[in-house]
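Structure at a glance
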Amino acid sequence: MLRIKNLVVDHGAIRALHGVSISIEKGQLAAVIGANGAGKTTLLRTLSGLNKASDGSATWGDLNILHSKPESLVRHGISHVSEGKSVIPELTVAENLDLGALWRRNRKEAAQSKREVVELFPRLGERLSQRADSLSGGERQMLAIGRSMMSKPQLLLLDEPSLGLAPLVIEQIFQSIRDLTTAMGLTVLLVEQNAMGALKIADIGIVLNLGSIAASGSAAALRDDPAVRAAYLGF
Amino acid sequence: MFEFVNTLLIGITAGSIYSLMAIAIVLVWRSTRVVNFAAGGIALASTFVGATILETTGSFWIALPVAMLAGAALSAFIEYFFLRPLLHRSGERTQEIFLPIIATLGILGVMKALLHFIYGEKIGVISPPLSDKGFIVSGESIALSPLRLMILGIVLVLMIGLTLIFQRTNLGLSLRAASFAPEISRLSGIRVDLIRTLGWAISGAAGATAGILQTVNGSGSVTPEAFEFSLLLVFGFVAAVIGGIESLIGAVIGGLTLGIILAIILMYVGGSLVFFSAFLILILVLLLRPHGIIGVKGGRRA
């Protein structure tokens, strides 16, 4: 389980997170929603080791995940798909996928992961030898998630997978995320501006506002909370 | 016609050596975004190592790989101990962006001074393992000798080897990914710092080979102040820029283009204009095709 306690993160002189505490049980899909600048991306980047925390703690099971490098956290089952279709456009689809499993010693298992990803996203399977910049926005997001799956993660940190996608594609991506979470027994921390879509598939929801938690609870309860509806769901 | 073919052959041989130097510069640029003036010093020092090994063992074919290893080790050493700490700090303030470039210039100076201190007035000799006498075609000697064939062969083998490493191996995939998108690579589990050091090491080996070949193709000897090595560094840079600085294939095309143009100018215009022409080409490329002759605007090539 993921336990975050009093996490404080500073960007130079600006405090981005003011003592955030979050608990997520194994197998849960948690949605973090909030406006631009609420600290959502900072939260994920700190958990994956890209940003430094100023104070607080974060543990995944027995593992203290603050002050570790992203490349070591991947080896402990923590995978972060960063914001904005995080694929490498100059590489082929197959190379983007392979990249996610290069660190794995067991090449047979890595090949098995690739088969699973292709099964999950057949569109990627048809485009393995194409450059990633030839893919549509939705396909790129599938590729980014697929690359992450290549590392056989247990904790998945997803940053705005819906960014810049068409409504129909967003629905598909959200559905895949829900299916993956259940099928693979993943624990997912999903950061989203698309609050409605995220709360629909999530088990629990956390509302971040200006670096602090404004509300949290079951996703269904948050969807019905009048204050959350007015501020983040737009009705 | 005969003369022109000979000029081409001379140009291609020299150009293939510039290509290797250009590759050394491109590899460092791609892995750490540093313009590496120290590449000239690494090539020079490795050539001295090669000369020492040649003196002891008498074998060019032992001296060359040892020099390559020395170049790789030296280059990795410079990256690890000097550039890495600087790069981790640079970018926070605008003026610090220039620190790595100035550092490589400083390292070049220090290396030359050290070589001078160690070797003094002694010169390093790399005697060619094969004859420099041109083959005879229909009674006339052409500008292709067993030595020149060997140079072209070594460069070709290295190019093919590098292409295979970059396109077919996990190391190559890591090198390309780390240069295009370091953050995504780290999130994918690539140890980007280590991969960068390896990129510098491969660059050092390419530079060492360029240094050895430049020496056997020229006077056969090397001094810490060797003008040939200043030329090699400058021509390597020009070739890398012609090729768009991002691309290995571009570096090869840039090197061959530069070699041929300079050989033609040397033959038909005059030796005093060679240096001037190289800079003229550099400025023209930067003005007219800033992304190199094969580069696409804003595009990056694997």
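Going by the structure above, here's the rest.
Treat the numbers as computed from the prediction; the structure is a model and nothing was measured.

**Concerning unusual backbone geometry**
All names here are of chain A.
- The residue Asn6 is not glycine, and still its phi comes out positive at about 45°.
- For Asn6, the position within the fold is in strand β1 (residues 2–11).
- Phi is positive for His67, which is not a glycine, with a value near 65°.
- Tracing the chain through its elements places His67 in the loop between β5 (63–64) and α2 (70–74).
- Residue classification places His67 among the exposed positions, given a relative accessible area of 68%.

**Observations regarding the environment of Arg107 of chain A**
- Checked against the element boundaries, Arg107 of chain A lands in helix α4 (residues 107–120).
- Excluding anything up to four places from it in sequence, Arg107 of chain A contacts Ala101 and Leu102 of chain A together with Asn170 of chain B.
- A polar contact of 2.9 Å, which involves the side chain of Arg107 of chain A, links it to the backbone oxygen of Ala101 of chain A.

**Some remarks on the environment of Val222 of chain B**
Residue and element names in this part refer to chain B.
- Within the secondary structure layout, Val222 lies in strand β4 (residues 221–222).
- Accessibility expressed as a relative area gives 1% for Val222, which makes it buried.
- Separated by 20 residues in sequence, Val222 and Ile242 have C-alpha atoms that sit 28 Å apart.
- Setting aside residues no more than four positions away along its own chain, Val222 makes contact with Leu44, Thr47, Phe48, Ile123, Gly124, Thr215 and Phe229.

**Thoughts on the packing of helix α1 (residues 2–32) of chain B against helix α10 (residues 248–268) of chain B**
All names here are of chain B.
- Contact geometry of α1 with α10 gives a least axis separation of 6 Å together with a crossing angle of 140°. The pairing of α1 with α10 is recorded here as oblique in orientation. Every pair of crossing elements has a handedness; the one defined by α1 and α10 is right-handed.
- Considered class by class, the residues forming the contact of α1 with α10 number 20 nonpolar, seven polar and one charged.

**Comments concerning the pattern of salt bridges**
- Within the structure shown, the criterion is met by 15 salt bridges over all chains.
- The partner of Arg131 of chain A in a salt bridge is Asp133 of chain A, with the nearest N and O atoms 3.0 Å apart.
- The partner of Glu79 of chain B in a salt bridge is Arg84 of chain B, with the nearest N and O atoms 3.9 Å apart. Here Glu79 of chain B matches Arg84 of chain B in class, with each residue buried.
- Through salt bridges that share partners, Arg123, Glu126, Arg127 and Glu139 of chain A make up one connected network.

**Brief notes about the interface of chain A and chain B**
- Listed per partner, the contact involves 24 residues of chain A and 18 residues of chain B.
- Buried area between chain A and chain B, both sides added, is near 2000 Å², and the carbon and sulfur share of it is 58%.
- On the chain A side of the interface with chain B, the three residues burying the most area are Glu71, Glu90 and Leu102 of chain A, jointly 29% of the side's total.
- Along the contact surface separating chain A from chain B lie three salt bridges.
- Two residues, Arg186 of chain B and Glu71 of chain A, come together in a salt bridge whose shortest N-O distance is 2.9 Å.
- Linking chain A with chain B are five residue pairs in polar contact (both at pLDDT 80 or more), by the criterion used here.
- Only α2 and α3 (93–99) of chain A provide two or more residues apiece to the side of chain A that touches chain B.
- In terms of residue class, the side of chain A that touches chain B is made up of nine nonpolar, five polar and ten charged.

**A short note on the sheet that holds strand β10 (residues 212–218) of chain A**
Residues and elements named next belong to chain A.
- Across the sheet, which stays open at both edges, the six strands sit in the order β6-β7-β8-β3-β9-β10 with mixed pairing between neighbours. On the outer flanks of this sheet lie β6 (78–81) and β10, each paired with one strand and no other. With strand direction ignored, the average angle separating the axes of adjacent strands in the sheet is 15°.
- Taken together, the six bridges between strand β9 (residues 204–209) and β10 define a ladder with antiparallel strand orientation. When the sheet's bridge partners are listed, Val207 is paired in β10 with Ala215.
- Seen against the sheet, helix α1 (residues 40–47) touches β3 (29–33), β6, β7 (155–159), β8 (187–192) and β9 and runs at an angle of roughly 145° to β8.
- The sheet contacts of helix α6 (residues 137–149) involve β6 and β7, and relative to β6 the element is tilted by about 165°.

Thresholds, definitions, all that
Residues numbered from 1 in each chain as written. Chains lettered and ligands numbered in written order. Predicted model: local features only at pLDDT ≥ 70, side-chain atom pairs only at ≥ 80, totals over all residues. Heavy atoms only, no water. Helix = DSSP H or I, 4+ residues; strand = E, 2+ residues; numbered from the N terminus. Buried < 20%, exposed > 50% of the residue type's maximum accessible area, 1.4 Å probe, protein only. Contact = heavy atoms within 4.5 Å. Polar contact = N/O pair within 3.5 Å; in protein donor to acceptor, adjacent residues only side chain to side chain. Axes fitted to C-alpha atoms, helices over the stretch in contact; angles between N-to-C directions. Parallel < 35°, antiparallel > 145°, perpendicular 65-115°, else oblique. Left-handed = near helix turned anticlockwise from the far one by under 90°. Nonpolar A, V, L, I, M, F, W, Y, C, P; charged D, E, K, R; others polar. Salt bridge = Lys/Arg side-chain N within 4 Å of Asp/Glu carboxyl O. Buried area = accessible area lost by both parts, 1.4 Å probe. Pairing = 2+ DSSP bridges.

Don't take any of this as a statement about function, it's just geometry.
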